[in-house]
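Each chain, written out:
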Amino acid sequence: MSARIIDGKAIASALRERIGEEARAFAKAHGAPPCLAVVLVGDDPASQVYVRNKGRATRESGMISIEKRLPASASEAEVAAVVRALNEDPSIDGILVQMPLPVHIDAHSVINEIDPAKDVDGLTETNAGRLLLGVQGLRPCTPEGCVILAKSVRDRLEGLRAVVVGRSILVGKPLSLLLLAENCTVVMAHSKTRDLPEICRSADILCAAVGRPRLIEGDWVKKGAVVLDIGINRVEEDGAARLVGDVDFEAAKERAEAITPVPGGVGPMTIACLLRNTLIAAARRRGVRGPAI
Ligand SMILES: Nc1nc2c(c(=O)[nH]1)N[C@@H](CN(C=O)c1ccc(C(=O)N[C@@H](CCC(=O)O)C(=O)O)cc1)CN2
């Protein structure tokens, strides 16, 4: 039987609806809505679209959106100075620096300039350390979205075997830790992993975040598995440009119990979780509990 398709767009939209209600209640209680600042360096076309979408989603949720744009020629010191100014601005609750940054800029250094209390991407050393330690912090958005989608299929993740293919700072590593926090048995696989097909076949939850179009073949998927495809690859096929994931969707859906499509699966959860983190950061900065969503 063909898999259930996990509708990330609908789940993200429902989450954003609830965040909007919480943001409006927050504005009433505190005199101003939460405010998110996004820093964009350079003119990468995909990044421009994502930043525009983040701004629109932020405003639609009743929050304030600020954009700081710098040219591709900006120096690391100039980007760091913008981040530090945002840290100092009390009206700003959340800051993110859109990735990727131009190659002459050390992304790690720039991210680490962000005040951890405003780090809504959850990528600073402080928030990464808090995730590792299992204490309160801001968690990376795409991995958070993946856990929400997995839970939309399986109420309890405890005891399930999760295989995460990919070890990026943005997705693979934090997703592995979040699944571990859900008491999954986690295998972290990557491009140098031996017997990758066999390891994938052992997964109850298979997460692919490697950025290689359709790397995961249909018969790498265990019957009844939940498949989360985090890859967004632009390919040219039959003379047309299209988006495909890291999983061979058509083949995998014949074996999985549930699977995310690309587009419309994990991607939309990233922005929904970003809005939720902005709300959480705004609440914590005022010493109140974050939203129960
Ligand atoms: N600072 C950050 N930079 C980047 C992140 C991030 O989380 N923080 N993630 C990605 C880009 N990204 C958000 O920034 C993002 C990517 C994809 C989507 C999304 O909704 N994708 C759609 C398809 C969109 C398309 O047509 O291109 C989908 O999958 O349905 C949202 C956000 C790298 N940089």
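The chain is annotated in an unreviewed UniProt entry as Bifunctional protein FolD from Amphiplicatus metriothermophilus.

Draft legend 1. The arrangement of the overall build of the chain in detail. Scanning the chain from N- to C-terminus turns up 10 helices and 11 strands. Against the compact-globule benchmark of 19 Å for 293 residues, the chain has a radius of gyration of 19 Å, which places it among compact chains. With respect to the three principal axes, the spread of C-alpha positions in the chain is 50 × 40 × 35 Å. Per-residue burial for the chain yields a buried fraction of 45% across its 293 residues. The contacts in the chain between residues at least 6 apart in sequence include a share of 68% that link residues at least 24 apart.

Draft legend 2. Seen up close, the packing of helix 6 (residues 141–153) against helix 10 (residues 267–285). One way to put it is that helix 6 packs onto helix 10 with a least axis distance of 8 Å and a crossing angle of 110°. As summarised for this structure, helix 6 and helix 10 are arranged roughly perpendicular, according to the angle between their axes. Of the residues in helix 10, those touching helix 6 at Cys 141, Thr 142, Glu 144, Gly 145, Ile 148 and Leu 149 are Met 269, Thr 270, Ala 272, Cys 273, Leu 274 and Asn 277. The residue inventory of the contact of helix 6 with helix 10, partitioned by class, reads seven nonpolar, four polar and one charged.

Draft legend 3. Just unusual backbone geometry, in detail. The linkage connecting Met 99 with the following residue, Pro 100, adopts the cis geometry, with an omega of 5°. Its place among the elements puts Pro 100 in the loop between strand 4 (94–97) and helix 4 (107–112). The phi torsion at Asp 195 lies on the positive side, around 55°, for a residue other than glycine. By the element assignment, Asp 195 lies in the loop between strand 6 (185–189) and helix 8 (196–201).

Draft legend 4. Structural detail: helix 5 (residues 125–133). Along helix 5, the residues classified as buried are Asn 127, Ala 128 and Leu 131. Across the axial projection of helix 5, the buried residues extend over an arc of 100°, all falling on one side. Exposed and oriented more than 90 degrees from the buried face of helix 5 are Glu 125, Gly 129 and Leu 133. On its buried face, helix 5 is in contact with helix 7 (172–181). Immediately downstream of helix 5, the backbone of Gly 134 shows phi near 75°, a positive value.

Criteria and cut-off values
Residues numbered from 1 in each chain as written. Predicted model: local features only at pLDDT ≥ 70, side-chain atom pairs only at ≥ 80, totals over all residues. Helix = DSSP H or I, 4+ residues; strand = E, 2+ residues; numbered from the N terminus. Rg over C-alpha atoms; globule rule 2.2 N^0.38 Å. Buried ≥ 20, exposed ≤ 12 C-beta atoms within 10 Å, placed from the backbone. Contact = placed C-beta atoms within 7 Å. Axes fitted to C-alpha atoms, helices over the stretch in contact; angles between N-to-C directions. Parallel < 35°, antiparallel > 145°, perpendicular 65-115°, else oblique. Nonpolar A, V, L, I, M, F, W, Y, C, P; charged D, E, K, R; others polar. Arc of directions from axis to C-beta.

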